[in-house]
Amino acid sequence: MKYYKIIIAAFIFFSVSACDEDILLETPLDFLSPENSFTKPEDIEATLFSQYRRLLRFNDGNWQNTAYLHVGTDLGMACRNPADSHFGNYPANLLPTTGIVSSYWSQLYDIVFTSNVVLNRIENVVYSSQAEKDAHIAEALFFRGYAYRCLVHLYGGVPLVLEEITSPRRDFVRSTKEETLNQAILDLKFAAENLPSVAEVDAPGRVSNAAALHTLSELYITIKEWDLAIDAATSVIDDPNIALMTTRFGNRAGDEGDPYWDLFQRFNQNRSSGNTEGILVLQSEFDVPGGSAVANNTEGFLYERCYGPLYWFVNDPDGVKIFFGASTQNGGRPVGFIRPTPYFTHTIWEKGGNWDVDVRNNNRNIQRYWVTDNPSSAYFGIKTSDYPQSWFDGLSAQDTLRDFHPYITKVTTKNDHPTAAMSNPSTGLMASNSGKTHADWYLMRVAETYLLRAEAYLGKGQEDKAAADINMLRNRANAIPVDPADVDIDYILDERMRELNWEEQRRMTLSRLDKLYDRTVLGNPFSGNTVQPHNNLFPIPFSEIERNTQEVLEQNPNYN
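Cut-offs used in this document
Residues numbered from 1 in each chain as written. Predicted model: local features only at pLDDT ≥ 70, side-chain atom pairs only at ≥ 80, totals over all residues. Heavy atoms only, no water. Helix = DSSP H or I, 4+ residues; strand = E, 2+ residues; numbered from the N terminus. Rg over C-alpha atoms; globule rule 2.2 N^0.38 Å. Buried < 20%, exposed > 50% of the residue type's maximum accessible area, 1.4 Å probe, protein only. Contact = heavy atoms within 4.5 Å. Phe/Tyr/Trp six-rings, centres within 6.5 Å; stacked < 30°, edge-to-face > 60°. Axes fitted to C-alpha atoms, helices over the stretch in contact; angles between N-to-C directions. Parallel < 35°, antiparallel > 145°, perpendicular 65-115°, else oblique. Left-handed = near helix turned anticlockwise from the far one by under 90°. Nonpolar A, V, L, I, M, F, W, Y, C, P; charged D, E, K, R; others polar. Salt bridge = Lys/Arg side-chain N within 4 Å of Asp/Glu carboxyl O. Expected span 1.5 Å × (residues − 1). Polar contact = N/O pair within 3.5 Å; in protein donor to acceptor, adjacent residues only side chain to side chain. Pairing = 2+ DSSP bridges.

Enquirer: Break down the overall build of the chain for me, with residues and values.
Expert: Within the chain, the regular secondary structure consists of 18 helices and eight strands. The C-alpha radius of gyration computed for the chain amounts to 26 Å, which stays within 12% of the reference 24 Å derived for 560 residues, consistent with globular compactness. Referenced to the eigenvectors of the C-alpha coordinate spread, the extents of the chain come out at roughly 95 × 65 × 50 Å. For the chain, with 560 residues in total, the buried portion stands at 57%. In the chain, the proportion of contacts linking residues at least 24 apart, taken out of those at least 6 apart, comes to 70%.

Enquirer: Describe the packing of aromatic side chains, and please don't skip the residues or the numbers.
Expert: Tallied over the full model, the rule gives 29 aromatic pairs. Aromatic pair Y303 and W441: ring centres 3.8 Å apart, planes at 10°, arrangement stacked. Here the residue Y303 occupies a position in helix 10 (residues 303-307), and W441 occupies one in strand 8 (residues 441-445), the gap between them amounting to 138 residues. Look at Y303 and you get buried, because its relative accessible area is 1%. With relative accessibility at 3%, the residue W441 sits in the buried group. On the basis of an interplanar angle of 50° and a centroid distance of 5.2 Å, the ring pair of W370 and F404 is categorised as tilted. With W370 in the loop between strand 4 (366-367) and helix 12 (389-397) and F404 in the loop between helix 12 and strand 5 (407-408), this residue pair connects regions lying 34 residues apart in the sequence. A single burial state applies to W370 and to F404, both of which are buried. Three or more aromatic residues joined by ring pairs make a cluster, and in this case those are F58, Y68, F87, Y90, Y104, W105, Y109, Y148, Y155 and F538.

Enquirer: Explain the packing of helix 4 (residues 99-121) against helix 5 (residues 130-155) to me, using residue names and the numbers behind them.
Expert: The N-to-C vectors of helix 4 and helix 5 enclose an angle of 155°; their axes lie 9 Å apart at closest approach. Here helix 4 is positioned roughly antiparallel relative to helix 5, judged by the angle of their axes. With respect to the hand of their crossing, helix 4 and helix 5 are arranged in left-handed fashion. Facing I100, V101, Y104, W105, L108, Y109, I111, V112, S115, N116, V118 and L119 of helix 4, the residues of helix 5 in contact are I137, A140, L141, F143, R144, A147, Y148, C150, L151, L154 and Y155. In terms of residue class, the contact of helix 4 with helix 5 is made up of 20 nonpolar, two polar and one charged.

Enquirer: Go over the pattern of salt bridges, please, and point to the residues and values.
Expert: One pass over the full model with this rule turns up 39 salt bridges. Between R364 and E256 there is a salt bridge, and its shortest N-O distance comes to 3.8 Å. One end of the pair, R364, is in the loop between helix 11 (342-350) and strand 4; the other, E256, is in the loop between helix 8 (226-237) and helix 9 (259-262), with 108 residues separating them in the sequence. Two residues, R496 and E448, come together in a salt bridge whose shortest N-O distance is 2.6 Å.

Enquirer: Break down helix 2 (residues 41-58) for me, with residues and values.
Expert: Across its 18 residues, helix 2 extends 27 Å between first and last C-alpha, which sits within 8% of the 26 Å expected from 1.5 Å per residue. All of the buried residues in helix 2 are P41, D43, I44, T47, L48, Q51, Y52, L55, L56 and F58. Tucked inside the fold, the buried residues of helix 2 contact helix 4, helix 5, strand 2 (278-282), strand 8 and helix 16 (506-512).

Enquirer: Explain unusual backbone geometry to me, and be specific about the residues and the numbers.
Expert: Here the phi dihedral of R252 falls at roughly 75°; this positive angle occurs in a residue that is not glycine. Positionally, R252 belongs in the loop between helix 8 and helix 9. A relative accessible area of 17% means that R252 is categorised as buried. Its identity as a non-glycine residue notwithstanding, N558 has a phi of 70°, on the positive side. Within the fold, N558 resides in the segment after helix 18 (542-547).

Enquirer: Describe the side chain of E277, naming the residues involved and giving the relevant values.
Expert: Position of E277 among the secondary structure elements: in the loop between helix 9 and strand 2. Reaching out from E277, the side chain makes a polar contact with the backbone nitrogen of M245 at a distance of 2.9 Å. Within the structure, E277 has its side chain in polar contact with the side chain of R476 (distance 2.9 Å). Excluding residues within four positions of it along the chain, E277 makes contact with A243, L244, M245, L263, R445, V446, A447, R476 and E499.

Enquirer: Outline the pairing of strand 8, supporting the account with residue identities and numerical values.
Expert: Most of strand 8 is tucked away, with five of its five residues classed as buried. Sheet analysis places strand 2 next to strand 8, joined by four bridges and oriented antiparallel. In the sheet register, L282 faces strand 8, and the bridge partner there is W441.

Written out as structure tokens, the structure is:
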């Protein structure tokens, strides 16, 4: 009886309490909600950290995502059905309904949205100092400015969303390209003034004032503010904590190599290795909480898997496999989705007699031949470059370049894969689910800053200074220096390809310069036959236009 009395009393208590409307205003304490998620600086910090994951995904090397920043340009094309897939056929592949068009839009606006949440909620957070608060605001503005930088290069003028959205909206309108650029610049200027230096950031891969200045230089070039672009780039280049790597360093410095090769070896991307060249390095940790498994080809950086040739499928002239399998000594376990164009692998190195002297074209940096390692082959121990010409002719006739094309080795870690990524560490045989790039990835390094400043000098008509900046890279690479009279925008674009290739978001560079059509016609044997001038910009996603029922979200010209 006593038990039932307790139940009845409790029922009466909660029935009476339910009449008090204040119960509806209680802040939940046992789970996260908008009311309790942003109460202290650590909450803001955690939200900002999530932005790095978004930035990594945008640049993770996945053939279904990052690859579209490279394919359909003078730099890259599809390995499989190159005439019909991955922008090989622009009229069929690039439409307002194309998945990557809406995917990039959504990814970048996710970054904008998260920054706006931080900027809105931070006003209710108590900080120990204004400087600490400003640093968080600057980080949020860096991400928002960087997202708008990407959006304007890909789509042109886009809706400017500068406040947190807390309810559905269907009334977005496009800002002009100039307005979008100016907003990105405004965000990045605050970031540059309030972010710590590269020597003061509290973790590898965290944004610094140099990252903001580097991006500002590019945006100033876009609006033809040459002096501002030069000043921003010079602030980065003259930073005493930043410099090109011109001597051997880091992991494997004792192996045969060169400073350019050293930049891409495992553990060499961050300042702890002695590397002063990296400005913003995306981080991916393996087999640690919050990271990803070593032998897992669906997480982390996937450049090796997607951008390397399927070399281990290739047969010798007698029809016997050249390789005993995919191995660490031959470049891991790529599967051949994306390949470089012949313009990238041959034309740009043949210019000016640099084929044999530029270390960036050395076989350790662009692997063009392998040594047969299958004991069952009659060609065991022989370089593929010494095979009969009829073998190469046969490969070309069968379009087996998915299997055998020049391998840009910065995406792999030859002879240095983690043992957990191998099925047989004693022979180097890779596991069937391997294929990651087991190194952090550069989003910005000072080599590109030199090329940006060269571009600004060219805009001012100062070809001598542009050549001097370009030659900083060419001297490091042991290449023949460029003469000022030979410097034009196409030369700079070639040099960007030689230096940055898969690191660069090539589509954005070409779109920024309104050069995607011209350069794709010049350098891509498949996309060059179908690309049109209006493809310099992506279409606005049809799904965004369709759901924006209260205003007109205008489509880019010539997209139906």
